[in-house]
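Report on the structure
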Amino acid sequence: MPELPEVETVVRSLREPLVGRCVESVWYDWAKVVKTPSAEQFTARLQGQTFHAITRRAKYIVCQMDQDLFAVHLKMTGRLYVSETDHPGDRWVHLRVRLDNGLHLCFSDARRFGRVYLINDMYEIAPNLGPEPLEADFTADILRERLNGRHRQIKALLLDQSFVAGVGNIYADESLYRAQIHPLRAADSLNADEIIRLHESIRHTLELGINHEGASINWYRKPDGERGESQDYFNAYGKEGQPCTRCGQPIVKIRVAQRGTHYCPNCQPEK
Ligand SMILES: [Zn+2]
């Protein structure tokens, strides 16, 4: 699933083609792609509205329109891109927005888990989102406060969008590897140094992911169709059996919170 760096990459590349453009019409072939309101209401309301800003909240792409927020969640296989034609040769396009310059914003989704929304406030669809990890107000002190009293395994907690927004399986593994923290550690067992390391690691890992324009391991592609390169810089995720870049011991894979979890047993001892 696209995580914060992948969604942020999509957001950044859609700003230039979308901001200032007005919606002429909306086409869809599957009404359920619109989660809220109804597909008919979505179409009627979006027509005539102009894109003013493209931002991200957690893993949502959020377009500020005249009256509404037009939000998109890519889920597993969703893609959002601008095409010059209404037949982009992509059989998974389920929603298309025709812009006033003749271009088309296409939402494509092979597995059909992704959804679009037209809302007034993100709170309507995601009332419990945690802090944005790359914002200045996400400090090590805030992380320490949020970990306090939480007994859950740290990996499971990092995946929880109400704990911290935008981190998923890949960047959770990479953050814990960099911080040298075992994924099964109880969240409230981390000491002050480990919390500072984890805070730095989450931000570093996500920023690196953005700098490399996301990870194209399976479905994710940038809006221009090119692959991101974040996967070329992983140290733990998908590296089971390969030598740890820090100590040379093989990376192992276990399951945590139903997710494949990669770590170095030597550098990330369970204690
Ligand atoms: Zn190691």
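A brief look at the structure comes next. (Residues numbered from 1 in each chain as written. Predicted model: local features only at pLDDT ≥ 70, side-chain atom pairs only at ≥ 80, totals over all residues. Heavy atoms only, no water.)

1. Observations concerning the nonpolar core
The biggest cluster of nonpolar side chains holds 30 residues, and the ones touching the most others in it are Phe42, Leu46, Phe51, Ile61, Phe70, Leu80 and Leu95. Every element with two or more residues in this core is listed here: α1 (4–18), β1 (23–28), α2 (39–46), β4 (60–64), β5 (69–73), β7 (93–99), β8 (104–109) and β9 (115–119). Setting aside anything within four residues of it in sequence, one finds Phe42 in contact with Val26, Val34, Pro37, Phe70, Leu95, Val116, Tyr117 and Leu118. With 26 residues, the next largest nonpolar core counts Ala179, Ile181, Leu198 and Ala215 among its residues. (Core = buried A, V, L, I, M, F, W, Y, C linked by side-chain atoms within 4.5 Å. Buried < 20%, exposed > 50% of the residue type's maximum accessible area, 1.4 Å probe, protein only. Helix = DSSP H or I, 4+ residues; strand = E, 2+ residues; numbered from the N terminus. Contact = heavy atoms within 4.5 Å.)

2. Focus: the sheet that holds strand β6 (residues 78–83)
Taken in spatial order, the four strands of this open sheet run β1-β7-β8-β6, and their pairing is antiparallel. Among the strands making up the open sheet, the edge pair consists of β1 and β6. For this sheet, the mean angle separating the axes of adjacent strands, direction not counted, is 15°. Sheet analysis places β1 next to β7, joined by five bridges and oriented antiparallel. Residue pairing for β7: Val23 is matched across the bridge by Leu99. Its contacts with the sheet place α1 against β6, β7 and β8, and it is angled at close to 25° to β6. Contacts from α2 reach β1 and β7 within the one sheet, and its direction differs from that of β1 by about 165°. (Pairing = 2+ DSSP bridges. Axes fitted to C-alpha atoms, helices over the stretch in contact; angles between N-to-C directions.)

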